[in-house]
Amino acid sequence: REKLLESVADYDETLMEKFFDAPETITEREVLDALRKAVLDAKIVPMVCGSSFKNKGVQTMLDYVMELLPSPMDVEGIIGTNPDTGEEILRKPSEKEPFAALAFKIATDPFVGRLCFIRVYSGNLEAGSYIHNMRSDSKERISRIFQMHANKQNPIPNVGAGDIAAVVGFKDIKTGDTLCDEKHPIVLESMNFPEPVIGLAIEPKTQADVDKLGMALGKLSEEDPTFRVKSDEETGQTIISGMGELHLDIIMDRLKREFKVEVNQGAPQVAYKESITGTVQHRETYKKQTGGRGKFADIQVIISPNDEGKEGLQFVNEISGGSIPREFIPSVEKGFAASMANGVLAGYPLTSLKVRLIDGSFHAVDSDALSFEIAAKSAYREALPKCKPMLLEPIMKIEILTPEENMGDVIGDMNRRRGQLLGMDSRAGAQVIKATVPLSEMFGYVTQLRTITSGRATSTMEFDHYAEAPRNVQEEVVAKARGKKAAANA
């Protein structure tokens, strides 16, 4: 308490005097008022203890949220961007301003269907009215608005600036979308969702669950933008991808608990990517004669790594003199873009590629858009193995909080996992180790860490970047991928 009074005394002169003269006369109200000022200045972060599992301390925390945290009126407003001019716009937290809100969560409710949680920054939204979604550039009708109480919904006629509510009736709203008044467009700062780094093959235990599994995965991926579902074309397996082992464990638990779908799962797989380091010039001619009209396309390309700092496909059209008609050029680009989903080393997506289309030829009758697309796909398959392809693995940033006596063991274990130490410092009597480590080495790490430290260490891990995998890892992954392909073909 003494520390608390000392910290907040700076924010109130009468409190400062009382603190030195008669600290026992300080009232709770005075402390709360001074604390509120300090919190609004971001100089003090209030912390309360509790346990949500036993429902202890939750009410106290909510009381302090009401007492200490800023209300929307304490903030000048939200800054957004005008989509047409790129200028910054300030929207004040007032119901008189045009409507602007951010969709921050999509949830599925068994009774009302899809719910979208929105935070309203300005203006007012009536049930039954229309709003504009800036991402899809389309109108959405909001049929009903609910005030949420845990898992109960109270219908309300409208929602105003500063409020959080759930809306239903929309067709296409995703997490991070800006919803606004059609006549006053604004784009609020969206959320960045990292790419998933770990995948898992799953299948329903019974044939009856096939449709149920598809629907359940669709709903889960709609709710959670970091969760992805795809079908592996070669093996026919359903692959779910997420941000880590725990993320996928929770998804599996929800499938069983909420959607009543029993599934078999494979071992977790790391989401590798591929890249190229060399440059090659390649000519690809595609001819097919099947009686009547044939197929013909001829392209000459230079394939190389992307320019510094650019991701995806960088396509440069350097055709001059009409050696390929202009209407066929987009098909060449489309062919290369589609091929990037499968790398030539082990079938993992290619992160970046630069293609310069320098020459080619066509046939006045036999050439069409599809021929040029097929020629581009063939050129990709033939030329890429000559471009020194390499495998990229996800590198995670990890922070481990451990007692000092276990430091040596934890660091030794991290070195065995190809970890790179970034630094160490101490926090509240414990040691904090910061490192980067390949994800492929981190399966089951939490259990191992508990074993090393008798359960006293904790760790947090997040994706950091992709880096080239060592040669032995590349060879292992490529051999495994080729073995899978051979099994699928057999």
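This write-up is about the structure you can find in this document. (Residues numbered from 1 in each chain as written. Predicted model: local features only at pLDDT ≥ 70, side-chain atom pairs only at ≥ 80, totals over all residues. Heavy atoms only, no water.)

### Focus on helix H5 (residues 210-223)
The terminal C-alpha atoms of H5 lie 20 Å apart, and with 14 residues this matches the ideal 20 Å at 1.5 Å per residue to within 8%. Within the sequence span of H5, burial applies to Leu213, Ala216, Leu217, Leu220 and Glu223. On an axial view of H5, the arc spanned by its buried residues comes to 125°, and they lie on one face. Across H5 from its buried face, at more than 90 degrees, point the exposed residues Asp211 and Met215. For H5, the elements touching its buried residues are strand E3 (100-109), strand E13 (198-204), strand E14 (228-231), strand E15 (238-242), helix H6 (245-257) and strand E16 (263-265). (Helix = DSSP H or I, 4+ residues; strand = E, 2+ residues; numbered from the N terminus. Expected span 1.5 Å × (residues − 1). Buried < 20%, exposed > 50% of the residue type's maximum accessible area, 1.4 Å probe, protein only. Arc of directions from axis to C-beta. Contact = heavy atoms within 4.5 Å.)

### Some remarks on the environment of phenylalanine 463
In this fold, phenylalanine 463 is placed in strand E26 (residues 458-468). The exposure class of phenylalanine 463 is partly exposed, given its relative accessible area of 24%. Considering only alpha carbons, one finds phenylalanine 463 and alanine 208, 255 residues apart in sequence, at a separation of 37 Å.

### Some details on the packing of aromatic side chains
Per the counting criterion, the structure on display carries five aromatic pairs. An angle of 65° between the planes, with centres 5.5 Å apart, marks the rings of tyrosine 272 and tyrosine 348 as edge-to-face. Of this pair, tyrosine 272 sits in the loop between strand E17 (269-270) and strand E18 (273-276) while tyrosine 348 sits in the loop between helix H7 (329-339) and strand E22 (352-361), and the two are 76 residues apart along the sequence. Here tyrosine 272 falls in the buried class, since its relative accessible area comes to 9%. Above the face of the tyrosine 121 ring, arginine 119 is positioned so that its terminal group lies 4.4 Å from the ring centre. Taking NZ or CZ as reference, lysine 139 lies 5.0 Å from the ring centre of tyrosine 130, over its face. (Phe/Tyr/Trp six-rings, centres within 6.5 Å; stacked < 30°, edge-to-face > 60°. Lys NZ or Arg CZ within 6 Å of the ring centre and 35° of its normal.)

### Observations regarding the sheet that holds strand E20 (residues 295-304)
One open sheet accounts for four strands, arranged E19-E20-E22-E21; its pairing is mixed. Of all strands in the sheet, those bounded by a partner on one side alone are strand E19 (280-288) and strand E21 (312-317). When the angles between neighbouring strand axes are averaged without regard to direction, this sheet yields 30°. Sheet topology note: the E19/E20 ladder contains nine bridges and is antiparallel. Considered in E20, the bridge of arginine 283 is made with glutamine 300. Its contacts with the sheet place H7 against E20, E21 and E22, and it is angled at close to 155° to E21. Lying on the sheet, helix H8 (residues 369-383) is in contact with E19, E20 and E22; it crosses E20 at an angle near 40°. (Pairing = 2+ DSSP bridges. Axes fitted to C-alpha atoms, helices over the stretch in contact; angles between N-to-C directions.)

### Focus: the pairing of strand E7 (residues 138-141)
Two elements, strand E6 (residues 130-133) and E7, share four bridges in a ladder whose sense is antiparallel. Bridge assignment links tyrosine 130 to a residue of E7, and that residue is arginine 141. Taking the residues between adjacent antiparallel strands as the criterion, E6 and E7 are bridged by four residues, where aspartate 137 takes a positive phi near 55°.

### Here's the deal with the nonpolar core
Ile202, Leu213, Leu217, Phe227, Ile240, Met252 and Leu255 are the most contacted members of the largest nonpolar core, which has 29 residues in total. The set of elements that each furnish at least two residues to this core consists of E13, H5, H6, strand E23 (389-402) and helix H11 (471-489). Excluding its chain neighbours within four sequence positions, the residues that come into contact with isoleucine 240 are Ile198, Gly199, Leu200, Ile202, Leu217, Phe227, Arg228, Val229, Leu248, Ile251 and Met252. Of all hydrophobic cores here, the second largest spans 27 residues; its members include Phe328, Tyr380, Ala383 and Cys387. (Core = buried A, V, L, I, M, F, W, Y, C linked by side-chain atoms within 4.5 Å.)

### Quick notes on the packing of helix H3 (residues 28-40) against helix H4 (residues 58-68)
Axis separation between H3 and H4 bottoms out at 9 Å; the angle between their running directions is 75°. Taken together, the axes of H3 and H4 are roughly perpendicular relative to one another. Mapping the contact onto sequence places Arg29, Leu32, Leu35, Arg36, Val39 and Leu40 in H3 and Tyr64, Glu67 and Leu68 in H4. Of the residues assigned to the contact of H3 with H4, the class counts are six nonpolar, no polar and three charged. (Parallel < 35°, antiparallel > 145°, perpendicular 65-115°, else oblique. Nonpolar A, V, L, I, M, F, W, Y, C, P; charged D, E, K, R; others polar.)

### Regarding the pattern of salt bridges
On inspection of all chains with the given rule, the structure shows 27 salt bridges. Lysine 212 serves as the salt-bridge partner of aspartate 209, at 3.7 Å between the closest nitrogen and oxygen. The class for aspartate 209 is buried, based on a relative accessible area of 9%. A salt bridge links lysine 334 to glutamate 373; the nearest nitrogen and oxygen atoms lie 3.6 Å apart. Of this pair, lysine 334 sits in helix H7 while glutamate 373 is found in helix H8, placing the two residues 39 residues apart along the sequence. Each member of the salt-bridge network shares a partner with another, and the members are Arg135, Asp172, Lys174 and Asp177. (Salt bridge = Lys/Arg side-chain N within 4 Å of Asp/Glu carboxyl O.)

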